[in-house]
Amino acid sequence: MYRLTYDDVRRAATRLDGHTRPVVVTPAGPGRWLALEQMQHTGSFKARGAHNFLAAHREAGTLPPAGVTIASGGNAGLACAWAARLQGVRATVFLPENAPHVKVAKLRGYGADVRLVGTEYAQALAACEEFAAKTGALASHAYDHPLIAAGAGTLLDEIRERIPGLDTVVVAVGGGGLFAGVATAARHHGVRTVAVEPENCRALNAALRAGKVVDVAVDSVAADALGARRVSAAALAAAQDDSVTSALVPDSEIVRARQTLWDDRRLAVEHAGATALAAVGAGERSAYVPAGDETVAVVVCGANTDPSDLVQR
C-alpha cells in the first residue's frame, strides 16, 4: 500500500495554487477557530482533491481524450465535474435514477455528462466501471486515491498559515480522504488530529479497533456524506499514530452543532460539515475536550444542503 507523504501534499499545493480558494478562518472563542472550507468551490473540500487528481494526470500525460468518470451524486461528483471543466475535459458522472434533481442540475451546470442508471449507488458504480473500461475514461474516486487525499491535505498548511501556534485540527471522517491528507500534513508539523465520526458511521474507529479495514453498518443523519462502509487503507495507516485521536459523536450533537452554526453565524452547512464541531461544542460533555491552553481549528467541510430545516423553527 502506498503511504501518503508530506511531499505529496506539497506537490498538490503547487498544482492547486491559483485554482482553489484559500481557506477562511474565523475565531470561535479563546483558542478556538473555525476553518470555513464549505466556502470552497462546489461547496466542499472535495474540489482540492479533484483538481489535484486531474492536474497530476495532465502533467504526466495520462489524461485520456475520453476525460474522467466517477459514480457519485454527492460532493465528489460535483468536485470532479468542476475540476474537469477547469482542465477542459469531459466528466461523465453516473448516478442512480432517483438522485435528487437539484444535484443532477448542478452537475449539468458544471458541464458534466450525467448518466442515470438503476436505483442504487452500486448499479451506478458498475455502469461507471463498464464505461471506463469501454472508453478508456480515467476513473476517479471519492476518497480512496493518494492524489485525492493529498489535495485535501493542502488545507492543513493553509490553516497553519492563518492560525499561529496551532496545536490541534479537528476533522470529520467518512471514507478518510480528508483525514488522511490532513493528518499526514499535521504529523509533519507536530500538530495533533482529531478524527470525528458519527457513532453509527464509524469506519475508521472500527478499523482502528480491528487493526485492519473492516465493513461497518451505516446509519446517521450525516450518512449521505460520511456513510462509507469502509475507510481507505491510507486513512487507517495515518490514524495509527500517537498524534491522532478517534472521537465518536451522536446524531443529536451533529444536529445541534449544525443548528448552532446557522443560529450564531448564519452558516448553512450539511450535517457532515457540522460533525467535527459536534465533537468539541458541548463543553465538558464533548467527545474531545481541549486543554485550556490548546489552540484548536475545527474544519467545517461542506455546505451542500437544503437549509429549509434550519430556518423553519
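Residues numbered from 1 in each chain as written. Predicted model: local features only at pLDDT ≥ 70, side-chain atom pairs only at ≥ 80, totals over all residues. Heavy atoms only, no water.

Brief notes about the pattern of salt bridges
To keep it simple, the criterion reads: What makes a salt bridge here is a side-chain nitrogen of Lys or Arg within 4 Å of a carboxyl oxygen of Asp or Glu, nothing more. Accessible area is worked out with a 1.4 Å probe on protein chains only. A residue is then buried under 20% of its type maximum, exposed over 50%, and partly exposed in between.
A full pass over the atoms with the stated rule returns 12 salt bridges. Two residues, Arg 115 and Asp 113, come together in a salt bridge whose shortest N-O distance is 3.0 Å. Exposure remark for Arg 115: the relative accessible area of 30% places this residue in the partly exposed category. Judged by its relative accessible area of 24%, Asp 113 falls in the partly exposed class.

So, helix α8 (residues 203-210)
Operational definition: In this description a helix means any DSSP run of H or I spanning at least four residues, a strand means any run of E spanning at least two, and both kinds are numbered starting from the N terminus. When checking whether two residues touch, look at their non-hydrogen atoms; a contact exists if any pair is within 4.5 Å.
Considered for burial, the residues of α8 that qualify are Ala 203, Leu 204, Asn 205, Ala 206 and Ala 207. Where α8 is buried, its residues touch α7 (177-189), β8 (192-198), α10 (233-239) and β9 (244-249). Note on α8: the residue one or two positions beyond its end, Gly 211, has a positive phi of about 80 degrees.

Digging into helix α6 (residues 146-162)
Rule in force here: One less than the number of residues in a helix, times 1.5 Å, gives the span that helix is expected to have.
The end-to-end C-alpha distance of α6 is 26 Å, a good match for the 24 Å that 17 residues give at a rise of 1.5 Å each. α6 sits mainly inside the fold: 12 of its 17 residues count as buried. Buried residues of α6: Ile 148, Ala 149, Ala 150, Gly 151, Ala 152, Gly 153, Thr 154, Leu 155, Leu 156, Asp 157, Glu 158 and Ile 159, and no others. Looking at the buried side of α6, the elements it contacts are α1 (6-16), β2 (32-36), α2 (46-60), β7 (168-172), α7 and β10 (296-300).

Re the sheet that holds β10
Put simply, the rule reads: One requirement defines pairing of two strands: DSSP has to find at least two bridges between them. Axis lines are fitted to C-alpha atoms, over the contacting stretch for helices. Their N-to-C directions set the angle, which ranges from 0 to 180 degrees.
Across the sheet, 6 strands lie side by side as β1-β2-β10-β7-β8-β9; this open sheet has mixed pairing. Pairing within the sheet leaves two strands with one partner each, and these edge strands are β1 (25-27) and β9. Here the strands of the sheet are splayed against their neighbours by 25 degrees on average, with no regard to which way each runs. One ladder, built from 3 bridges, connects β7 with β10; its direction is parallel. In the sheet register, Val 169 faces β10, and the bridge partner there is Ala 297.

Here's the deal with the pairing of β10
When you tally the buried positions in β10, you get 5 out of 5 residues, the bulk of the element. Neither face of β10 is exposed, since Val 296, Val 298 and Val 300 on one face and Ala 297 and Val 299 on the opposite face are all buried. Bridging between β2 and β10 involves 5 bridges; their strand directions are parallel. Within β10, the residue paired with Leu 34 across the bridge is Val 298.

A closer look at the nonpolar core
What counts here: We call a set of buried Ala, Val, Leu, Ile, Met, Phe, Trp, Tyr and Cys residues a nonpolar core when their side-chain atoms join them within 4.5 Å.
Formed by 68 residues in total, the largest nonpolar core has its most connected members in Ile 159, Val 169 and Phe 179. Ranked by residues supplied to this core, first place goes to α7 with 7 residues. With near-sequence residues (within four places) excluded, Val 169 lies in contact with Leu 156, Ile 159, Val 182, Ala 186, Val 191, Arg 192, Thr 193, Val 194, Ala 297 and Val 299. Counting residues in hydrophobic clusters, the runner-up holds 27 residues, among them Ala 81, Ala 99, Leu 107 and Val 114.

Section: the sheet that holds strand β4 (residues 91-95)
Think of a sheet as strands paired side by side through backbone hydrogen bonds, with each pair either parallel or antiparallel. Judged by pairing direction, the sheet is parallel, and its 4 strands sit side by side in the order β5-β4-β3-β6 without closing on themselves. At either margin of the open sheet sits one strand with a lone partner, and together these are β5 (113-116) and β6 (138-139). In the packing of helix α5 (residues 121-135) onto the sheet, the strands contacted are β3 (68-71), β4, β5 and β6, and the crossing angle to β3 comes to about 160 degrees.

Observations concerning the side chain of Thr 295
By the element assignment, Thr 295 lies in the loop between α12 (271-278) and β10. Judged by its relative accessible area of 16%, Thr 295 is buried. Ignoring sequence-local partners within four residues, the contact set of Thr 295 consists of Gly 31, Trp 33, Ile 163, Pro 164, Gly 165, Leu 166, Asp 167 and Thr 168.

Structural notes on the environment of Lys 46
For clarity, the cut-off: Polar contacts here mean pairs of N or O atoms no more than 3.5 Å apart (in protein, one a potential hydrogen donor and the other a potential acceptor; neighbouring residues in sequence count only if both atoms are side-chain atoms).
Mapped onto the fold, Lys 46 is located in helix α2. The spatial distance from the C-alpha of Lys 46 to the C-alpha of Ala 152 is 6.9 Å, given a sequence separation of 106 residues. In this view, Lys 46 contacts Asn 75, Ala 76, Ala 79, Ala 142 and Tyr 143; residues no more than four positions away in its chain are not counted. At 3.0 Å, the side chain of Lys 46 forms a polar contact with the backbone oxygen of Ala 142.

Some thoughts on the packing of α2 against helix α3 (residues 75-87)
Just so we agree on the cut-off: Orientation labels follow simple angle bins: below 35 degrees gives roughly parallel, above 145 gives roughly antiparallel, 65 to 115 gives roughly perpendicular, and whatever is left gives oblique. Two helices cross in a left-handed way if the nearer one is turned anticlockwise from the farther one by less than a right angle. They cross in a right-handed way if the turn is clockwise. As a working rule, the residues Ala, Val, Leu, Ile, Met, Phe, Trp, Tyr, Cys and Pro are called nonpolar, Asp, Glu, Lys and Arg charged, and the rest polar, with Gly in that last group.
It is at 8 Å that the axes of α2 and α3 come closest, and there the two elements cross at 40 degrees. With respect to α3, the element α2 is oriented oblique. Between α2 and α3 lies a crossing of right-handed hand. Together, Lys 46, Ala 47, Ala 50, His 51, Leu 54, Ala 55 and Arg 58 of α2 and Asn 75, Ala 76, Ala 79, Cys 80, Trp 82, Ala 83, Ala 84, Leu 86 and Gln 87 of α3 make up the contact between the two elements. Here the residues of the contact of α2 with α3 sort into 11 nonpolar, 3 polar and 2 charged.

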